[in-house]
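Results of the structural survey
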Amino acid sequence: MSAYNSVTTIYKDQECLVESLKEMGYTEIEVHELPQNLVGYHADLRQQRAHIIIRRKHIGNASNDIGYLRNVDGTFTEIISDFDKRKHDSKWSTNLKAKYTEAVTMKTAHAKGFHFLSRRVVNGKVQLKFSDRRS
Amino acid sequence: MAEIIITIDQSTGDMLFLETSGVQAFKALGRLRTRRASYVLPADFWARQVFKLIRWFIRDDSAGAAWCRTWRGPWLVDTTPTAGVVLVGRWMNRQDAIDAEVAFLNSWFLEGACQHTTA
């Protein structure tokens, strides 16, 4: 009998999240040790705070900042205003998540000492192959 | 040297991988759900019924389960829980059947199509 695992990825790795946001086209990303206030489209300081911030000037004139707040358990919560969800909709979020999943998989494999063998893409699925030399 | 294969669905961002040694670290990357993928069973009908009966009553990590795995072939691969098919082919060596099972499932995770199978 074989079993398989399905994992719904949760944003936990700051480095991979920033890397994935860069892949989504945002090259100017602020990373803060302490959460900073987000800025709204009127240049107003919002009450929402985040550790990872894409400033509105990099998103669009009428946009608000986009942020990712690190929670006590180490996971990140995405903060996107309703206005910006028109551009950063569920499809955008899914693309980001897919990039993050691949980045964090590669990082985890590297940390475990696995040797990367190949990457295949078929019909919207990516398959990463590693070898575990220890076994 | 063991292979670890991770499949990422770009339409959801979720990942799939078979339960093998070395995958523990990947399980911690999010919300985990573990499910049965397939069975390797005796190809002979009556042997298969006895096998299922024994395995119904004993744990997968028991000595009895280990004994069942030493039975002589031929073996078949039943992927009903996932792909819903029994693979074409019978294997005298159980490890060969498992290898075919793993190769098929990883191909199915990626391509979703069933090749070399019978309903």
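Residues numbered from 1 in each chain as written. Chains lettered and ligands numbered in written order. Predicted model: local features only at pLDDT ≥ 70, side-chain atom pairs only at ≥ 80, totals over all residues.

**Notes on the confidence of the model for chain B**
Any segment with low pLDDT has predicted coordinates that should not be analysed in fine detail. Residues and elements named next belong to chain B. The predicted model of chain B averages 89 in pLDDT, with 93% of residues at 70 or higher. This stretch, residues 114–119, has a pLDDT under 50; its non-local contacts, to residues over four places away or in other chains, come to 13 contacts. Across the whole predicted complex the pTM is 0.88, and at the interface the ipTM reaches 0.89. (pLDDT = per-residue confidence, 0-100. Contact = placed C-beta atoms within 7 Å.)

**Comments concerning the nonpolar core**
Core analysis: the largest hydrophobic core is formed by 51 residues, its most contacted members being Leu 17 of chain A together with Ile 6, Phe 17 and Leu 105 of chain B. Inspection of this core shows a minimum of three residues originating in each of domain 1 (1–34) and domain 2 (37–118) of chain B. Excluding anything up to four places from it in sequence, Ile 6 of chain B contacts Thr 105 and Leu 128 of chain A together with Met 15, Phe 17 and Phe 26 of chain B. (Core = buried A, V, L, I, M, F, W, Y, C linked by C-beta atoms within 7 Å. Buried ≥ 20, exposed ≤ 12 C-beta atoms within 10 Å, placed from the backbone. Domains from an automatic or database assignment.)

**What about the packing of helix H1 (residues 14–23) of chain A against helix H2 (residues 90–111) of chain A?**
All names here are of chain A. Direction vectors running N to C along H1 and H2 enclose 135°, while the axes themselves pass 9 Å from each other. Judged on the interaxial angle alone, H2 and H1 are oblique. Handedness of the crossing formed by H1 with H2: right-handed. Where H1 abuts H2, its residues Cys 16, Leu 17, Glu 19, Ser 20, Leu 21 and Glu 23 lie against Leu 96, Lys 99, Tyr 100, Ala 103, Val 104 and Lys 107. Of the residues assigned to the contact of H1 with H2, the class counts are seven nonpolar, one polar and four charged. (Axes fitted to C-alpha atoms, helices over the stretch in contact; angles between N-to-C directions. Helix = DSSP H or I, 4+ residues; strand = E, 2+ residues; numbered from the N terminus. Parallel < 35°, antiparallel > 145°, perpendicular 65-115°, else oblique. Left-handed = near helix turned anticlockwise from the far one by under 90°. Nonpolar A, V, L, I, M, F, W, Y, C, P; charged D, E, K, R; others polar.)

**Section: the pairing of strand E3 (residues 30–42) of chain B**
Bridge count for strand E1 (residues 2–9) of chain A against E3 of chain B is eight bridges, and the pairing is antiparallel. Pairing of Ser 2 of chain A across the sheet is with Ser 38 of chain B, part of E3 of chain B. (Pairing = 2+ DSSP bridges.)

**Here's the deal with the interface of chain A and chain B**
Tallying the contact residues gives 34 residues for chain A and 43 residues for chain B. Going through the elements one at a time, E1, H2, strand E6 (115–122) and strand E7 (125–132) of chain A are the ones with two or more residues in the side of chain A that touches chain B. Tallied by class, residues from the side of chain A that touches chain B come to twelve nonpolar, 14 polar and eight charged.

**Here we look at the domain arrangement of chain B**
Residue and element names in this part refer to chain B. Taken domain by domain, chain B comprises domain 1 (1–34) and domain 2 (37–118). On a C-alpha basis, the centres of domain 1 and domain 2 stand 21 Å from each other. Of the residues lining the interface, four residues belong to domain 1; the matching set on domain 2 comes to six residues. Contributing elements (two or more residues each) for the side of domain 1 that touches domain 2: strand E1 (2–9) and strand E2 (15–18). In terms of residue class, the side of domain 1 that touches domain 2 is built from three nonpolar, one polar and no charged.

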